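# Descriptive structure summary
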Amino acid sequence: MPTVRPYRPDDRSALADICVRTGDAGEDARALYSDPDLLPSIFVMPYVEFEPALAFVVDDDGLAVGYVVGTSDTPAFVEWFRREWLPGLAERYPRLVGRPVTPTDSMIGLLHAPERMLVPEVAAYPAHLHIDLLPAYQRAGHGRGLMTQLLLALGVQGVAAVHLGMLSANTRARAFYDRMGFHEIPVPAAPGTTYLGRATITS
């Protein structure tokens, strides 16, 4: 049976693959992005580099098939991303000139704008997270297991609350977060994106 365990460095390639296979609002994004490293470089790898203790995976016979990653301190993560993470990627993914045209353009824009994560309305929820499961492992309780482990880990660190941002159109994901006790945080300046938050777990 698949089980939830802490992230290990040898999970990196599996996590990158999961990120791409779920990167189109939960669907396979491989057709959208010719570079398979782009999405993981934004949404997974900086988290396991910055705060690996807040990364957990669903393990099926030694292979990671789902993950949750997060940071306990979004402003500190943004500062580190700008100072330490982005310079190593800027040559491979140079800053765009002009408006984005393709999905790749849009993602490169996100890569170069880590300050987008500093949303005033969620300041009382200092941690944030990303969670993804391969389709074959969804709707089986594994997402709940991942989320519970992260909420516990944040609570042990003394972090009171966590938030996430999601595409408003992703109704399946929203139903999961509702079941996990998240509530909506109004952010008027983010059309198409829904912000959700909840308290962490202390025991």
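Residues numbered from 1 in each chain as written. Predicted model: local features only at pLDDT ≥ 70, side-chain atom pairs only at ≥ 80, totals over all residues. Heavy atoms only, no water.

## So, the side chain of D11
- Mapped onto the elements, D11 comes out in the loop between β1 (3-6) and α1 (12-21).
- By relative accessible area, which is 3% here, D11 ends up buried.
- At 2.9 Å, the side chain of D11 and the side chain of R5 are in polar contact.
- The contact partners of D11, leaving out residues within four places of it in the chain, are R5, P6, V57 and A64. (Helix = DSSP H or I, 4+ residues; strand = E, 2+ residues; numbered from the N terminus. Buried < 20%, exposed > 50% of the residue type's maximum accessible area, 1.4 Å probe, protein only. Polar contact = N/O pair within 3.5 Å; in protein donor to acceptor, adjacent residues only side chain to side chain. Contact = heavy atoms within 4.5 Å.)

## With respect to the environment of F182
- Inspection of the secondary structure assignment puts F182 in the loop between α7 (171-179) and β6 (183-185).
- Taking the C-alpha atoms as reference points, F182 and F81, 101 residues apart in sequence, are found 26 Å from one another.
- Residues contacting F182, with those up to four places away along its chain left out, are L129, M147, V162, L164, Y177, L196, G197 and R198.

## Digging into the layout of surface pockets
- One number sums up the size of the largest pocket: a volume of about 1,500 Å³.
- Residues that form the lining of the largest pocket fall into these classes: 25 nonpolar, 13 polar and seven charged. (1 Å grid on protein atoms, 1.4 Å probe; cavity = no way out; pocket = protein on both sides within 12 Å on 5 of 7 lines; lining within 4 Å. Points joined across faces, edges and corners; volume = space filled by probe spheres on them. Nonpolar A, V, L, I, M, F, W, Y, C, P; charged D, E, K, R; others polar.)

## A closer look at the pairing of strand β7 (residues 193-199)
- Along β7, five of the seven residues are buried, which leaves the element largely enclosed by surrounding structure.
- With seven bridges joining them, strand β5 (residues 161-167) and β7 adopt antiparallel strand pairing. Bridged to L167 within β7 is T193.
- In this sheet, β7 lies alongside β6 in antiparallel orientation, the contact comprising three bridges. (Pairing = 2+ DSSP bridges.)

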